[in-house]
Amino acid sequence: FRASFIEDLRNWEIGAPYTPEALTRLRRDMTSTGAVSLASTRLAPPNAEGVRDVVLVVEPARRNAYELGAGYSTTEGLGVEAEWTRRNFTRRADALTLSTRLGQLQQSFNAELSRPHAPELGHTLSIGATLAREDLEPYTRQGAELYAAVEAAPRLELGRSYGVRLTADTYDNTSGDISNAYVASAFLALRRDTTDIRLDPRAGSILDARIEPAFATGSETVTFARFTGGGRIYHSFGEDDRLTLAARAQAGWMEAISGNVENAPPDRRFYTGGGGSVRGYDYNSIYPRERDALGLNPGGQGMLETSVEARLRFADHWGAGAFIEFLKTPIAHEI
């Protein structure tokens, strides 16, 4: 590793009083990069001023990682994914990743360079390019994308992410007149996470909000802003928190700054359906169908989803869940 990278991981001022939390965060920040398989710390003997060096001991992870996966979903069909990652690409725990996805609805190829803790601790700078094709019910899209983003680590209680994106897309099988679009956009996202267990929350809440201004040209020219926000809450009961009640709400809205919001690219409008949205429906298959008959671009100008769920763990490795989901059909712009 570069000495400058290790120095950037220091989360205390030199000469500050010792706290075990500081060393815990140092180890966590190092292992979260994926460049090491193990990180430990110890304190060296104090010098004449009573200051002790922190010794960081690491075991490197394999420089090359290969991943291959396959899956089937009733909403998205069959798909396979493959990924190759070169770790510690420039000796600052960064990673170069090449990945591909071949599915019935979506196919893509992505190249990305990620630099953990580059802008600040707990945040990763990602720069990449994507070629993608989507064959969805409301439209078919083929396009290319360049992006750069700073993403906050999910473990942070308060996270701020931001970035920019350039896309060039063509559309087929749509009811509207948009056949191509070139879009420059930026985003700012805020997230507050107080849940206790990241992958299986049993208490706490998650709040997030995102704003994305964009300028689109091509078949039509329009400047618009896209807003999304939502929340989740979890509460558990009984011995060992075996029963967990969860609720979720998600909303979105798009507003034109100049031009007509009806001319926004089809993939920037709102759809629902599929896992993580309205289960039991095909991915992005729910939108105002009257727009097709009127010859308008598919998708809604806004959307609102809510759901409630009960999860019961009746054994160490077994459980069951029941849920009810509510949907306000993605809102169509008044004509």
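The following paragraphs examine the structure supplied in this document. Note that the structure is predicted; figures quoted are calculated from it, not measured.

**Re the pairing of strand β7 (residues 123-135)**
- Where strand β6 (residues 106-116) meets β7, 11 bridges bridge the pair, whose relative direction is antiparallel. Counterpart to Q107 in the pairing with β7 is R133.
- In this antiparallel pair of consecutive strands, β6 and β7, the connection spans 6 residues, and H117 shows a positive phi of 60 degrees.
- The pairing of β7 with strand β8 (residues 140-152) spans 13 bridges and is antiparallel. Paired with A129 across the two strands is L146, which belongs to β8.
- Where β7 folds back onto β8 in an antiparallel hairpin, the turn is made up of 4 residues.

**Section: the environment of S40**
- Along the chain, S40 falls in strand β1 (residues 36-43).
- We classify S40 as partly exposed; its relative accessible area is 33%.
- Between the alpha carbons of S40 and V58 there is a distance of 6.4 Å; along the sequence they are 18 residues apart.
- Among residues more than four places away in sequence, those in contact with S40 are R27, V55, L56 and V57.

**Section: the nonpolar core**
- The biggest cluster of nonpolar side chains holds 17 residues, and the ones touching the most others in it are Y139, Y171, V183, A216, F224 and M254.
- Among the secondary structure elements, those contributing two or more residues to this core are β10 (180-193), β11 (204-218) and β12 (222-237).
- Ignoring any residue separated from it by four or fewer positions in sequence, one finds M254 in contact with F224, A225, R226, V261, A264, R268, R269, F270 and Q301.
- Listed in part, the 9 residues of the second largest apolar core include F5, M30, A39 and L121.

Rules and cut-offs
- Residues numbered from 1 in each chain as written.
- Predicted model: local features only at pLDDT ≥ 70, side-chain atom pairs only at ≥ 80, totals over all residues.
- Heavy atoms only, no water.
- Pairing = 2+ DSSP bridges.
- Helix = DSSP H or I, 4+ residues; strand = E, 2+ residues; numbered from the N terminus.
- Buried < 20%, exposed > 50% of the residue type's maximum accessible area, 1.4 Å probe, protein only.
- Contact = heavy atoms within 4.5 Å.
- Core = buried A, V, L, I, M, F, W, Y, C linked by side-chain atoms within 4.5 Å.

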